[in-house]
Structures are given as structure tokens and as C-alpha cells.
Amino acid sequence: MAYFLILNESRYLYSHENNFMPVNGYENFLLEKQLTVSIRLSLQQNIVYHRAMDYIYRPEELNDICAYEFIQNYKMVKRKNKDELQFIHPHPFKNSAHVFKLDMEAVPIFSWTFLESNLSFESSVISAVSSDNPQYELKENYARRFMTLFYPWQNIADLKFEDSYQKQLCLILEEKKNK
């Protein structure tokens, strides 16, 4: 047993790894709200950092993947390697870290309350409602949060069509259905 513990650093082995997904950080960044950050020392300088920055400033080669897929397949490694995927400016660790593809997919972990319940909706999430309908804000928030997880984005404009998150979600779903 001692040999097993030394080799595996635990008596518990799992069939998968999990990877924390900073969904509140994504949302606060998109909505330009306050973000709780950590301050790290890198190359003799204090660096302001939040893990959401890894997706937001991901390498250009990964622009077509959603946040969920990014967390599932990649992580930041704090050593510079020219052969690996490089963060774009202004990622705070652009010069001292890179994106590493995981050997095995991880399970993204995030608060189950992030998406909120859609049980109170009077109609489907993709059924349009006017802006004066009490369901409007609920559906807009749900659509924005859903796309934050499962649709590639660079900024808030990528998640809107005619100033509506729900319209953009409907367009995306219709496009996927027609493929």
C-alpha cells in the first residue's frame, strides 16, 4: 500500500480529472463588472491575474472553441515553450506561460446555479418574447450564460444580435440545425 501511495499520491484513483471553470469571471469580464483577481509575482513584477483570462486571451488557433471545450482540453502551464500555443496580448503571463493540450479530457466543474433554472419560463427558451414581457430579462440572462459556456466568444458583441442574447442564441441553434 505504501508503494501505491507514493506512486499515486493518494489511495483514490479516478477515471477522469476535473478542471475548475471560472464562469463568474467570464460573466463579470463580459459585463465589465468587478472581478476578484489574485496578484502574482512573475519576472520580478506583480501581475494581476484571474483564471478567466486564460480563455479570454487564448491563442488565436483556439478562437473557434467555446469556454467549456477550452477548459475540457487545455490548461495554462507556467513555462515558456516556443512549440506550444501562445497566449495573445494582453494576457498577463504571455511571456512566461503557454497553453498546454491535456492528454485526456477533463470534466469542467462550475457552480450548478450559474445557468439558473428555466422552469419558470412560460415558453421555450428560444421562443421570442417582447422586451416588456416579465420573462424577457430571465431569457436574456439564460441565453447569455448558455452562450458564455457553449459558444466561442471574444467579447460581449459576439453574444448579441440586434442587441439581444436570445436572438443570437436562436440564430446559432437554427444554423446548427440546418447543418
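Residues numbered from 1 in each chain as written. Predicted model: local features only at pLDDT ≥ 70, side-chain atom pairs only at ≥ 80, totals over all residues. Heavy atoms only, no water.

**Student:** Lay out the overall build of the chain with the relevant residues and their values.
**Tutor:** Looking only at helices and strands, the chain features six helices and six strands. Mapped from its N terminus to its C terminus, the chain presents α and β elements in the order α-β-α-β-β-α-α-β-β-β-α-α. Structurally, the chain occupies a C-alpha span of about 60 × 40 × 35 Å along its principal axes. Relative to its 179 residues, the chain shows a buried fraction of 36%. Split by element, the accessible area of the chain, about 11,800 Å² in all, is 52% carbon and sulfur. The centroid of the 20 positive side-chain charges in the chain is displaced by 5 Å from the centroid of its 23 negative side-chain charges. (Helix = DSSP H or I, 4+ residues; strand = E, 2+ residues; numbered from the N terminus. Buried < 20%, exposed > 50% of the residue type's maximum accessible area, 1.4 Å probe, protein only. Areas by Shrake-Rupley, 256 points an atom, 1.4 Å probe, with all protein chains shown as cover. Lys, Arg positive; Asp, Glu negative; His and termini not counted. Charge placed at Lys NZ, Arg CZ, Asp CG, Glu CD.)

**Student:** Now, about the packing of helix α5 (residues 136-150) against helix α6 (residues 165-178): what can you tell me, with residues and values included?
**Tutor:** Between α5 and α6, whose axes approach to 8 Å, the crossing angle comes to 50°. Judged on the interaxial angle alone, α6 and α5 are oblique. Viewed along their axes, α5 and α6 form a crossing whose handedness is left-handed. Residues K139, E140, A143, R144, F146 and M147 of α5 touch α6, and the partners they reach there are Y165, Q166, Q168, L169 and I172. Counted by class, the contact of α5 with α6 contains six nonpolar, two polar and three charged residues. (Axes fitted to C-alpha atoms, helices over the stretch in contact; angles between N-to-C directions. Parallel < 35°, antiparallel > 145°, perpendicular 65-115°, else oblique. Left-handed = near helix turned anticlockwise from the far one by under 90°. Contact = heavy atoms within 4.5 Å. Nonpolar A, V, L, I, M, F, W, Y, C, P; charged D, E, K, R; others polar.)

**Student:** Describe the packing of aromatic side chains, with residues and values.
**Tutor:** Centre-to-centre distance and the angle between the planes together describe a pair of aromatic rings. Across all of its chains, the model carries twelve aromatic pairs by this definition. A ring pair is formed by F110 and F114, whose centres lie 6.5 Å apart and whose planes are at 85°; its orientation type is edge-to-face. Residue F114 is classed as buried on the basis of its relative accessible area, which comes to 3%. Geometrically, the ring pair formed by Y142 and F146 is stacked, given 6.5 Å between the ring centres and 20° between the ring planes. Note that Y142 and F146 are positioned in helix α5 at a spacing of four residues, about one turn of the helix. (Phe/Tyr/Trp six-rings, centres within 6.5 Å; stacked < 30°, edge-to-face > 60°.)

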